[in-house]
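Residues per chain are reported as follows:
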Amino acid sequence: AQKVTQAQTEISVVEKEDVTLDCVYETRDTTYYLFWYKQPPSGELVFLIRRNSFDEQNEISGRYSWNFQKSTSSFNFTITASQVVDSAVYFCALSEVPGGGADGLTFGKGTHLIIQP
Amino acid sequence: EADIYQTPRYLVIGTGKKITLECSQTMGHDKMYWYQQDPGMELHLIHYSYGVNSTEKGDLSSESTVSRIRTEHFPLTLESARPSHTSQYLCASSEFGGSGEQFFGPGTRLTVL
C-alpha cells in the first residue's frame, strides 16, 4: 500500500532563511505521481507542483524548488529566501494510478512552516 | 484555474440540527471527494464518488452521507450534528485518466455547539 511520510511536524525559521521540507513515499508501482499542496491559514489547499515517476528532473519556480530522487523515494521541497507569506501547512501527496486510484491521493500528515519576521 | 465551490464557508449550528454542505464543480470531473480536517492537521478521506449515482466511504468512518445525482454536485449531509463533527470539510474533484491531481474547494468550517 502507498504511504507518504512527512517527518517534520513543524519548522520555524527566520525570514530570508532557506528551508527544506522533506517527503518520503512508499509505493509498489513503477508509475505514480507526486504532489505538493500549500494550505495557508485561510484553509484552502493550493496546488504547487505535480511530478510523474518518469521525470526525475528537479524543478525550480521562483523561490521554490523540488528535488525528486527515486533512489531514496524522496520528493523534497525547498523555499529559498523564505518570506512571512510562505507560512502555511504544506502537504506532500502520492497517486499510484493515473487519474487517482479508488481513494485518490494519499496525503502525508503535513509540515507546519512558520516564517518569523 | 480550478472552479470548485463550497457553501457555506463557515457554519455555526446547534446540536441535533440537520445540515447539508454544498459542493459544486464546473470542470466536468467525474471523480469527487470529501475530506475532513482538523485545523492544520492531516486530511482524512470520508467519501468519494466515481460519477453519477456512485458513492463510496473513505478511510475515515463518518456519520455523514453523500449523494451524487448530478456530475457537478456532491453534497454532504449530517442528519443530526454533534460537537464531535466540528471540523473543516474540504471538497475536491479530479478527472479520470489524468495524473490524479485533485482540485480543492475553499472548505467549510463547521462548528457544532
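Everything that follows concerns the structure shown earlier in this document.
Residues numbered from 1 in each chain as written. Chains lettered and ligands numbered in written order. Predicted model: local features only at pLDDT ≥ 70, side-chain atom pairs only at ≥ 80, totals over all residues. Heavy atoms only, no water.

Trainee: It is not clear to me how the overall build of chain A should be interpreted in this structure. Could you clarify?
Mentor: When helices and strands are tallied, chain A shows zero helices and twelve strands. Ordered by position in the sequence, the α and β elements of chain A form the string β-β-β-β-β-β-β-β-β-β-β-β. The globule rule puts the C-alpha radius of gyration for 117 residues at 13 Å, and the 14 Å found for chain A is close to it. In terms of overall dimensions, chain A has a C-alpha envelope of 40 × 30 × 20 Å along the principal axes. Counting over 117 residues, chain A shows a buried share of 48%. (Helix = DSSP H or I, 4+ residues; strand = E, 2+ residues; numbered from the N terminus. Rg over C-alpha atoms; globule rule 2.2 N^0.38 Å. Buried < 20%, exposed > 50% of the residue type's maximum accessible area, 1.4 Å probe, protein only.)

Trainee: Would you mind showing me how to read the pairing of strand β5 (residues 44-49) of chain B here?
Mentor: The side chains of a regular strand alternate, residue by residue, between the two faces of the sheet. Residue and element names in this part refer to chain B. The element β5 is largely enclosed, with a buried count of five among its six residues. Bridge analysis of strand β4 (residues 31-37) against β5 gives five bridges, and the strand direction is antiparallel. Following the sheet pairing, tyrosine 35 is matched in β5 by leucine 45. Hairpin geometry of β4 and β5 is characterised by an intervening segment of six residues between the two adjacent antiparallel strands and by a positive phi of about 75 degrees at glycine 40. Here two bridges tie β5 to strand β6 (residues 56-57), and the two strands are oriented antiparallel to one another. Across the sheet, the residue bridging to tyrosine 48 is glutamate 56, located in β6. Remark: six residues form the turn of the hairpin made by β5 and β6, two consecutive strands paired antiparallel; asparagine 53 in that turn has positive phi of roughly 70 degrees. (Pairing = 2+ DSSP bridges.)

Trainee: Just checking my understanding: could you explain the environment of asparagine 58 of chain A for this structure?
Mentor: Residues and elements named next belong to chain A. Relative to the helices and strands, asparagine 58 is located in the loop between β6 (46-52) and β7 (59-61). Taking the relative accessible area as the measure of exposure, asparagine 58 reaches 49% and is therefore partly exposed. Placed 32 residues apart in sequence, asparagine 58 and tyrosine 90 show a C-alpha to C-alpha distance of 19 Å. Setting aside its immediate chain neighbours within four residues, asparagine 58 contacts Arg51, Trp66, Asn67 and Phe68. (Contact = heavy atoms within 4.5 Å.)

Trainee: When you look at the environment of valine 13 of chain A in this model, what are you seeing that I'm missing?
Mentor: All names here are of chain A. Note that valine 13 resides in strand β2 (residues 10-14). Owing to a relative accessible area of 9%, valine 13 belongs among the buried residues under this scheme. Note: C-alpha distance between valine 13 and leucine 113 (100 residues apart in sequence) is 8.1 Å. For valine 13, the residues in contact, after removing those within four places along its chain, are Val19, Ser82, Ile114, Ile115 and Gln116.

Trainee: Help me understand the pattern of salt bridges in this model?
Mentor: Proximity of charged atoms lets side chains of opposite charge pair with each other. If you walk through the whole model with that rule in mind, you get seven salt bridges over all chains. One salt bridge in this structure joins arginine 50 of chain A and glutamate 101 of chain B, with 2.5 Å as the shortest N-O distance. Placement of the pair is arginine 50 of chain A in strand β6 and glutamate 101 of chain B in the loop between β9 (87-94) and β10 (103-104), with the two residues belonging to separate chains. The exposure class assigned to glutamate 101 of chain B is buried, which follows from its relative accessible area of 11%. Residues arginine 82 of chain B and glutamate 63 of chain B are paired through a salt bridge, measuring 2.7 Å at the closest nitrogen-oxygen approach. With arginine 82 of chain B in the loop between β8 (76-78) and β9 and glutamate 63 of chain B in the loop between β6 and β7 (65-66), this residue pair connects regions lying 19 residues apart in the sequence. Each member of the salt-bridge network shares a partner with another, and the members are Arg51, Asp55 and Glu59 of chain A. (Salt bridge = Lys/Arg side-chain N within 4 Å of Asp/Glu carboxyl O.)

Trainee: Sorry, what's going on with the packing of aromatic side chains here?
Mentor: In this description, a pair of aromatic rings is defined by centroid distance and the angle of the planes. This model, assessed by the stated rule, comprises 18 aromatic pairs over all chains. The interplanar angle of 80 degrees and the centroid separation of 5.4 Å between the aromatic rings of tyrosine 37 of chain A and phenylalanine 104 of chain B together place this pair among those described as edge-to-face. Of this pair, tyrosine 37 of chain A sits in strand β5 (residues 33-39) while phenylalanine 104 of chain B sits in strand β10, on two different chains. With a centroid separation of 5.7 Å and an interplanar angle of 40 degrees, the aromatic rings of tyrosine 35 of chain B and phenylalanine 104 of chain B are classed as tilted. (Phe/Tyr/Trp six-rings, centres within 6.5 Å; stacked < 30°, edge-to-face > 60°.)

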